[in-house]
Amino acid sequence: MKRILLKMSGESLMGKQKTGIDPEMLNAFAKEIADVSQQKTQVAIVVGGGNIFRGLKGAAQGFDRVKGDQMGMMATVINSLALQSALQSMNVKARVYTAIRMEPVGNLYDRDEAIEAMENNEVVIVSGGTGNPFFTTDTAAALRAVELNADALLKATRVDGVYTADPEKDPKATRFDEITFAECLKNEYKILDLTAFTMCKENDMPIIVFNFHEQGSLNALISGKKVGTIVRN
Ligand code: UDP
């Protein structure tokens, strides 16, 4: 793959903590990304914010939904800065773009500039989601993957692909190597939220679901090894 869009959830950064960022976890993920950035693959990343704040959860507690979503988007910026800092400490060039203007924290997202940075071997972290409330970072990942002409959206999870049932609950669940968007819809397999899923389906953007907690999995995937499940039309 020449160019990938990696989607990491905010929750994955918590490690065993109940909230926030576990530095050990952060560094472990950064190391995996650093290894891949040494290859020729260009890397763009979208990180979620669920380890800090989610608008929907906030709304359930009485927060205004739009304010809550803005807080959630800020949370993704916090996580992105943490990841940038971890990558830089490993001598990996990394830049953070923000969907909402907030220089000097990061430059306002610019698609052409982001592509140029990736072509110059910089890891690009696109923070702030889509910049709009009522969306998720899954949708931001789908949007950026399409905009940046990524070869695939890599959905980092803690399971190694798409299963017939939740493998953490059902021992009989079997894993797919490949599955179509239509089959996922028919069987109600949830890969990304529906908005993000539709965006990928309509724009022919393959999604690869893989276990980012398994050491070397990202590298193996990029080297063309069969890792995780690929979802395509
Ligand atoms: N969010 C938003 N618009 C976006 C992306 C994210 O409003 O385009 C907000 C939303 O409140 C969401 C929060 O940011 O709950 C954190 O993102 P998400 O839940 O997608 O993070 P993840 O589950 O991947 O950690």
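For the protein chain, the name recorded in an unreviewed UniProt entry is Uridylate kinase, with Salinivirga cyanobacteriivorans as its organism. Quoted verbatim from the Sequence similarities (unreviewed entry) field of UniProt, the annotation for the protein chain is "Belongs to the UMP kinase family."

Trainee: Sorry if this is basic, but what is going on with the confidence of the model for the protein chain here?
Mentor: Close inspection of predicted coordinates is inappropriate in any region flagged by low pLDDT. Taken over all residues, the pLDDT of the protein chain has a mean of 96, while the share at 70 or more is 100%. In the model output, the complex is listed with pTM 0.97 alongside ipTM 0.98.

Trainee: Looking at this structure, how should I read the packing of helix α5 (residues 137-147) against helix α7 (residues 194-202)?
Mentor: The packing of two helices is summarised by the inter-axis angle and the distance between the axes. Where α5 contacts α7, the two axes come as close as 7 Å, and the packing angle between them is 15 degrees. When the axes of α5 and α7 are compared, the pair comes out roughly parallel. Considering only the axes of α5 and α7, their crossing is left-handed. Of α7, the residues touching α5 (which contributes Asp138, Thr139, Ala141, Ala142, Leu143 and Val146) are Thr195, Ala196, Met199 and Cys200. Looking at side-chain class alone, the contact of α5 with α7 contains 7 nonpolar, 2 polar and 1 charged residues.

Trainee: Can you walk me through the site of the ligand in this structure?
Mentor: Looking at the ligand, there are 25 residues lining it, with Gly48, Gly50, Gly55, Gly72 and Gly129 nearest. Elements with a minimum of two residues in the shell around the ligand: α2 (55-60), α3 (65-89) and α5. Here the shell around the ligand gets 6 residues from one element, more than from any other, and that element is α3. The residue inventory of the shell around the ligand, partitioned by class, reads 6 nonpolar, 15 polar and 4 charged.

Trainee: Could you clarify how one ought to interpret the nonpolar core in this entry?
Mentor: A general tendency of soluble globular proteins is for nonpolar side chains to be buried together. Grouped together as the largest cluster of nonpolar side chains are 65 residues, with contacts concentrated most on Leu5, Ile45, Ala142, Leu153 and Leu154. Those residues in contact with Ala142 that lie beyond four places of it in its chain are Leu153, Leu192, Ala196, Met199, Cys200 and Met205. With 5 residues, the next largest nonpolar core counts Ile52, Phe53, Ala75 and Ile78 among its residues.

The rules behind the values
- Residues numbered from 1 in each chain as written.
- Predicted model: local features only at pLDDT ≥ 70, side-chain atom pairs only at ≥ 80, totals over all residues.
- UniProt positions renumbered as here; feature names shortened; annotations may be inferred.
- pLDDT = per-residue confidence, 0-100.
- Axes fitted to C-alpha atoms, helices over the stretch in contact; angles between N-to-C directions.
- Helix = DSSP H or I, 4+ residues; strand = E, 2+ residues; numbered from the N terminus.
- Parallel < 35°, antiparallel > 145°, perpendicular 65-115°, else oblique.
- Left-handed = near helix turned anticlockwise from the far one by under 90°.
- Contact = placed C-beta atoms within 7 Å.
- Nonpolar A, V, L, I, M, F, W, Y, C, P; charged D, E, K, R; others polar.
- Near = placed C-beta within 6 Å.
- Core = buried A, V, L, I, M, F, W, Y, C linked by C-beta atoms within 7 Å.
- Buried ≥ 20, exposed ≤ 12 C-beta atoms within 10 Å, placed from the backbone.

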